[in-house]
Amino acid sequence: MTTGAALPLHNGIDATVQLAREAHEAGLRSAWFGQTFTYDSPSLAAIVGREVPGLHVGTAAIPVFGRHPLVVSSQAQTAQAATAGRYHLGLALGTKQLTEAGFGIPHDRPIRLLREFLTALRPLLETGSTDFRGELLSAGTPLPAAVPGAEPPVPVLVAAMGPQALRVSGELADGILPYLAGPRALAEHIVPAVHAAAEAAGRPAPRIVAFVPGVVTADAEAVRRTATETLAFYERFPSYQRVIELSGATRAADLALIGDEETVAAGVRRYREAGATEVVFTATDLGSDADRHRTWKLLGELATD
């Protein structure tokens with residue numbers, strides 16, 4: 001069982017590298033970085049992965065709107081070469097609100113765009129060339145697009161949770177990155193759908209990298225209050241509203257694993273039983289630094305189970 005942590009993006013590069021070292025020393029297998037409008041996450045992952053040998057690094061996740069497969073391929077392959085094959089590329093549909101407010105482009109036909117993006121991207125990562133003409137994007141390689149040392153081919157995962165996105169991801173990606181999808185939603189809706197799509201396409205069983213808010217703490221009540229305030233941001237978006245409901249919860253914070261080591265470890269086991277191949281903790285900074293250290297220590301221990 002692989003465990004990891006999503007590292008915050010507001011600490012500066014040197015501080016982020018130090019956090020990644022601490023996570024790796026605690027036994028975590030991977031560190032992941034989100035993509036907002038600040039740091040370029042593949043670049044940050046490349047720096048961290050090069051500075052912390054042995055630690056796998058990933059982005060979770062880059063929205064396909066406002067990007068092009070050629071550019072994302074160059075970023076991903078560069079990160080893969082810099083980290084000696086320890087980079088994992090996560091893609092996302094993004095949200096209508098942020099796409100249109102930030103990029104000034106319509107968030108139209110996201111599933112179609114995802115399918116075309118993955119179709120153009122996969123040969124770029126595998127062979128360094130592509131020739132794709134779709135309804136929403138085109139990509140060709142008049143010059144070679146392979147990056148020396150970018151081996152093995154970068155694995156591609158998608159932050160997919162809805163039926164259509166799961167179908168596309170099962171057919172064309174290496175796995176998924178569900179967030180705020182509890183064990184019930186994973187077991188009953190998400191894992192069966194993506195496995196069925198992969199099997200129908202003749203692809204291997206996909207990775208299920210579950211992103212879970214979690215903190216080991218002696219003050220569960222206080223951390224739960226902070227989680228309720230912080231995670232309420234996601235309740236604004238229909239995709240998260242749906243998966244929270246499918247998980248049998250009413251608030252995002254209901255899905256956070258907060259408590260002592262025994263409580264949190266039991267929660268991680270439920271994700272494993274629901275089909276998660278990897279568990280990545282987010283929001284480990286909701287409590288104190290001591291809480292974060294306890295959380296990472298537990299995750300390191302669970303990685304060896």
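Predicted model only: the values in this text are computed from it and were never measured.

**Q** Can you walk me through the pattern of salt bridges in this structure?
**A** Opposite charge on two side chains makes pairing possible when the charged atoms of those side chains draw close. Applying the stated criterion across every chain, the model contains 17 salt bridges. The closest approach of N and O atoms between Arg112 and Glu135, which form a salt bridge, is 3.8 Å. Remark: Glu135 occurs in the loop between strand S6 (131-133) and strand S7 (138-140) and Arg112 occurs in helix H5 (residues 110-127); sequence separation between them is 23 residues. On the basis of relative accessibility, which here comes to 31%, the residue Arg112 falls in the partly exposed class.

**Q** Explain the side chain of Ser247 to me, please; I cannot follow it from the model alone.
**A** Tracing the backbone shows Ser247 in the loop between helix H9 (238-246) and strand S11 (257-259). Among the polar contacts listed, one links the side chain of Ser247 to the backbone oxygen of Val243, at a separation of 2.8 Å. In this view, Ser247 contacts Leu180, Ala181, Gly182, Arg184, Ala185 and Leu255; residues no more than four positions away in its chain are not counted.

**Q** How do you make sense of the packing of aromatic side chains when you look at a structure like this?
**A** Each pair of aromatic rings is reported with the distance of its centres and the angle of its planes. Summed over all chains, the structure comprises 7 aromatic pairs. When the centroid spacing of 5.2 Å and the interplanar angle of 85 degrees are considered together, the rings of Phe233 and Tyr234 count as edge-to-face. Phe233 sits in the partly exposed class, given a relative accessible area of 34%. Ring plane angle 75 degrees and centroid distance 5.2 Å describe the contact between Tyr234 and Tyr240, whose orientation is recorded as edge-to-face. Here a set of aromatic residues connected by ring pairs shows up, and it is made of Tyr179, Phe233, Tyr234, Phe237 and Tyr240. One residue, Arg292, lies across the ring of Trp296, its end atom 4.8 Å from the ring centre.

**Q** Which parts of the structure should I look at to understand H5?
**A** Every α-helix winds through 3.6 residues per turn, so residues three or four apart in the chain are directed the same way. Helix length check: H5, at 18 residues, gives a terminal C-alpha distance of 26 Å against a target of 26 Å (1.5 Å per residue), a fit within 8%. Buried residues of H5: Leu113, Leu114, Glu116, Phe117, Leu118, Ala120, Leu121, Arg122, Leu124 and Leu125, and no others. The secondary structure elements touched by the buried residues of H5 are helix H3 (69-82), strand S5 (87-92), S6, S7, strand S8 (156-158) and helix H6 (163-172). Two residues or fewer after H5 comes Gly128, characterised by a positive phi angle close to 85 degrees.

**Q** Looking at this structure, how should I read the packing of H3 against H5?
**A** Two measures define how a pair of helices packs: the angle their axes make with one another and the distance between the axes. Packing of H3 against H5 leaves a shortest axis separation of 9 Å and a crossing angle of 40 degrees. Compared by their axis directions, H3 and H5 come out oblique. When you trace H3 past H5, the crossing you get is right-handed. When H3 is examined against H5, the residues Pro69, Leu70, Val72, Ser73, Ala76 and Gln77 are found in contact with a partner set consisting of Phe117, Ala120, Leu121, Leu124 and Leu125. Considering only residue class, the contact of H3 with H5 consists of 9 nonpolar, 2 polar and no charged.

**Q** What should I look at first to understand the side chain of Ser169 in this one?
**A** Within the secondary structure layout, Ser169 lies in helix H6. By relative accessible area, which is 0% here, Ser169 ends up buried. Ignoring any residue separated from it by four or fewer positions in sequence, one finds Ser169 in contact with Val158, Ala160, Ile176 and Val194.

**Q** How should I be thinking about unusual backbone geometry in this particular structure?
**A** A negative phi holds for most residues other than glycine; trans holds for most peptide bonds. Of note, the bond from Ala60 into Ala61 is cis; its omega dihedral lies within 30 degrees of zero at 5 degrees. If you trace the backbone, Ala61 turns up in the loop between strand S3 (56-59) and strand S4 (62-63). At the junction of Glu151 and Pro152, the peptide bond is cis and its omega measures out at -5 degrees in the coordinates. Relative to the assigned elements, Pro152 resides in the loop between S7 and S8. Here Arg109, not a glycine, exhibits a phi torsion of approximately 50 degrees, which is positive. Assignment of secondary structure puts Arg109 in the loop between helix H4 (96-103) and H5. Located in the positive-phi region is Ala283, a residue other than glycine, with phi close to 55 degrees. With respect to the element layout, Ala283 can be found in the loop between strand S12 (278-282) and helix H11 (289-303). The buried category is assigned to Ala283, whose relative accessible area is 18%.

Definitions and limits used
Residues numbered from 1 in each chain as written. Predicted model: local features only at pLDDT ≥ 70, side-chain atom pairs only at ≥ 80, totals over all residues. Heavy atoms only, no water. Salt bridge = Lys/Arg side-chain N within 4 Å of Asp/Glu carboxyl O. Helix = DSSP H or I, 4+ residues; strand = E, 2+ residues; numbered from the N terminus. Buried < 20%, exposed > 50% of the residue type's maximum accessible area, 1.4 Å probe, protein only. Polar contact = N/O pair within 3.5 Å; in protein donor to acceptor, adjacent residues only side chain to side chain. Contact = heavy atoms within 4.5 Å. Phe/Tyr/Trp six-rings, centres within 6.5 Å; stacked < 30°, edge-to-face > 60°. Lys NZ or Arg CZ within 6 Å of the ring centre and 35° of its normal. Expected span 1.5 Å × (residues − 1). Axes fitted to C-alpha atoms, helices over the stretch in contact; angles between N-to-C directions. Parallel < 35°, antiparallel > 145°, perpendicular 65-115°, else oblique. Left-handed = near helix turned anticlockwise from the far one by under 90°. Nonpolar A, V, L, I, M, F, W, Y, C, P; charged D, E, K, R; others polar.

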